[in-house]
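So you can see what is in the structure, the chains are spelled out below.
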Amino acid sequence: MSVQNQAAIDLLAMESGPTAIALDATYEDCGESPNILIVDPAELNRRLLKAMLKTASYGIIECTHPAEAFEILERHKIDLVIADVLMPGMSGPDFCRVVKGSRKTQLIPILLVTSLQDSETELAGIDSGADEFLVKPLKPALVRTRIRGLLRHKALTDSLDEAETILFALAQSVEQRDKHTGKHCERLALYGVMLGKALGLSRKDQLALYRGGFLHDIGKVGIPDAILFKRGRLTEDEWQTMRMHTIRGEEICRPMKTLAPVLPIIRSHHERWNGSGYPDGLRGEEIPLLARILQIADIYDALTTARPYKPAYSHRHAVEVMSEEMRRGWRDPELVALFAEITRTEAKNAATLPSGDAGMRQSLDAMRLELVK
Ligand SMILES: [Fe+2]
């Protein structure tokens, strides 16, 4: 930490204003108050801003340089950034572009402030993705109002994130009802992304495959155990109920805007290439590509893991079964061939990972970090 920063923190500690947070503090230290990061090389400006925010219980972190700001954003949960347009090493608009260009920080609102009173600067600020732009001298009441508005919006975004987390927990609880499937969702996420990468799909599509691995069967939450785990043939009524998990799953996830790319996977992962699948009887390329990919991964995992009615098949045996299904017209021939090729080498180890294996956890964590960058 720079001497300058330490001085600023010491100064904050002496002030009786908003909660001051040391840069190496943990988020737990911050309580429930929103955390604001002030990035400004001028100490006077930072003090003025802190004085304006004194009446509210914000956690304030300050720094003088964009490089320090990136470090803080990496280590702390920040709810709002106030940055000056003129900063050392990087302009405010460029700083803004970097923050808004990262999936991890893109939803953090940024308020840019400047003493440059020209429309070009303002346009550059807005163009960089800044959420608000204020020209000095700052009016305390206006600053407080804008900050309250930005924080309200951030709180709403956070609550949507929480809703997504709850959906993932729900999906995992569905999986855990079946003690024989082990880490089925995790393996599906791995295989799905692996195939998506081999096809050169965008990171957005790969992220949808990752999430689809966990969420594709979330609609099974409403299916009774007596049907879900029934040994022997299902009656026609029971089949009707079972098939509904695709539509029900789509309904559960539809309210989450961020899950929109995952909905086709949830709805269409039981369609068949020749149109004999469900729920819509789609055929060929009418079936969304991401759903076809996840379906291949789903079948391969079911074949290569032990179930009460069958042992775990070898990679070779699983590919033979999938090729047979392809000949019957059920699967996308190109995807089956490509998947067989990439799993022959890469997925072999992942397929044999024991349940709860730290290796799989690490692979998934690394994959998720890469996809949500
Ligand atoms: Fe399913």
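Up top you'll find the structure we're talking about.
Okay, so let's go over this structure. For every chain, the first residue of the written sequence is number 1, and numbering continues from 1 along that sequence. Given that the model is predicted, a residue must reach a pLDDT of at least 70 before its local features are reported, and side-chain atom pairs must reach 80 or more before they are shown or counted; all residues, however, enter totals for whole chains, interfaces and linings.

## What to know about the overall build of the protein
In DSSP terms, a helix is any run of H or I states spanning at least four residues, a strand is any run of E spanning at least two, and both are numbered starting from the N terminus. Along its length, the protein carries 15 helices and six strands. The buried share of the protein, taken over its 373 residues, is 36%. Three classes are used. A residue is buried when 20 or more other C-beta atoms lie within 10 Å of its own, exposed when 12 or fewer do, and partly exposed in between, with C-beta atoms placed from the backbone.

## Considering helix 2 (residues 43-52)
Along helix 2, the residues that are buried comprise Arg 46, Leu 49 and Lys 50. One face of helix 2 carries all of its buried residues, which in axial projection span an arc of 100 degrees. Relevant arc is that of directions from the helix axis to the C-beta atoms, nothing else.

## What about unusual backbone geometry?
With an omega dihedral of 5 degrees, the bond running from Lys 136 to Pro 137 counts as a cis peptide bond. Structurally, the position occupied by Pro 137 is in the loop between strand 6 (132-135) and helix 6 (140-176). Cis rather than trans, the peptide bond between Tyr 278 and Pro 279 has omega equal to 10 degrees. Among the structural elements, Pro 279 can be located in the loop between helix 11 (263-268) and helix 12 (289-304).

## Side note on the packing of helix 8 (residues 203-215) against helix 12
Two packed helices can be described by the angle between their axes and the distance between those axes. Close contact between helix 8 and helix 12 brings their axes to 10 Å; oriented N to C, the two are set at 45 degrees. As summarised for this structure, helix 8 and helix 12 are arranged oblique, according to the angle between their axes. Classified by chirality, the crossing of helix 12 by helix 8 is right-handed. Contacts between helix 8 and helix 12 involve Asp 205, Ala 208, Leu 209, Gly 212 and Gly 213 from the former and Leu 290, Ile 293 and Leu 294 from the latter. Classes in brief: Ala, Val, Leu, Ile, Met, Phe, Trp, Tyr, Cys and Pro nonpolar; Asp, Glu, Lys and Arg charged; the others, Gly included, polar. Partitioning the contact of helix 8 with helix 12 into residue classes produces five nonpolar, two polar and one charged. The convention used is that axes are lines fitted to C-alpha atoms, helices contributing only their stretch in contact, and that angles between N-to-C directions extend from 0 to 180 degrees. Roughly parallel here means an angle under 35 degrees, roughly antiparallel means over 145, roughly perpendicular means 65 to 115, and every remaining angle is called oblique. Left-handed describes a crossing whose near helix is turned anticlockwise from the far helix by less than a right angle; the clockwise case is right-handed. By the criterion used throughout, residues are in contact when their C-beta atoms, derived from the backbone, lie within 7 Å.

## Quick look at the environment of Gly 284
Here Gly 284 lies in the loop between helix 11 and helix 12. Between the C-alpha atoms of Gly 284 and Trp 330, which are 46 residues apart in sequence, the distance is 9.4 Å.

## Observations concerning the pairing of strand 6
Strand residues, when the strand is regular, have side chains that alternate between the two faces of the sheet. Sheet topology note: the strand 5 (residues 110-114)/strand 6 ladder contains four bridges and is parallel. Looking at the pairing, Leu 112 lines up with Phe 133 of strand 6. By convention, orient the strands away from the viewer: a clockwise path from the first strand over the helix to the second makes the crossover right-handed. As a crossover connection, the stretch from strand 5 through helix 5 (residues 119-127) into strand 6 is right-handed. Any two strands with at least two DSSP-identified bridges between them are counted as paired.

## Here's the deal with the pairing of strand 5
Within strand 5, five of the five residues are buried, which leaves the element mostly enclosed by the surrounding structure. Here strand 5 shows no split at all, with Ile 110, Leu 112 and Thr 114 on one side and Leu 111 and Val 113 on the other all buried. Here strand 4 (residues 80-84) runs beside strand 5; their pairing, made up of four bridges, is parallel. Paired with Ala 83 across the two strands is Leu 112, which belongs to strand 5.

## Remarks on the packing of helix 7 (residues 184-198) against helix 8
Put simply, helix 7 and helix 8 touch, their axes get as near as 7 Å, and they point 160 degrees apart. Regarding the angle of helix 7 to helix 8, the classification is roughly antiparallel. Like other packed secondary-structure pairs, helix 7 and helix 8 cross with a definite hand, here right-handed. Between helix 7 and helix 8, the residues in contact are Cys 185, Leu 188, Ala 189, Gly 192, Val 193, Gly 196 and Lys 197 and Asp 205, Gln 206, Leu 209, Tyr 210, Gly 212, Gly 213 and Phe 214, respectively. For the contact of helix 7 with helix 8, the residue count by class is seven nonpolar, five polar and two charged.

## Considering the environment of Asp 84
When you line up the elements, Asp 84 lands in strand 4. Judged by local crowding, Asp 84 falls into the buried class, with 22 C-beta atoms found within 10 Å. Leave out the neighbours within four places in its chain, and Asp 84 touches Val 39, Asp 40, Asn 45, Gly 92, Val 113 and Thr 114.

Function-wise, these values are silent; they only describe arrangement.
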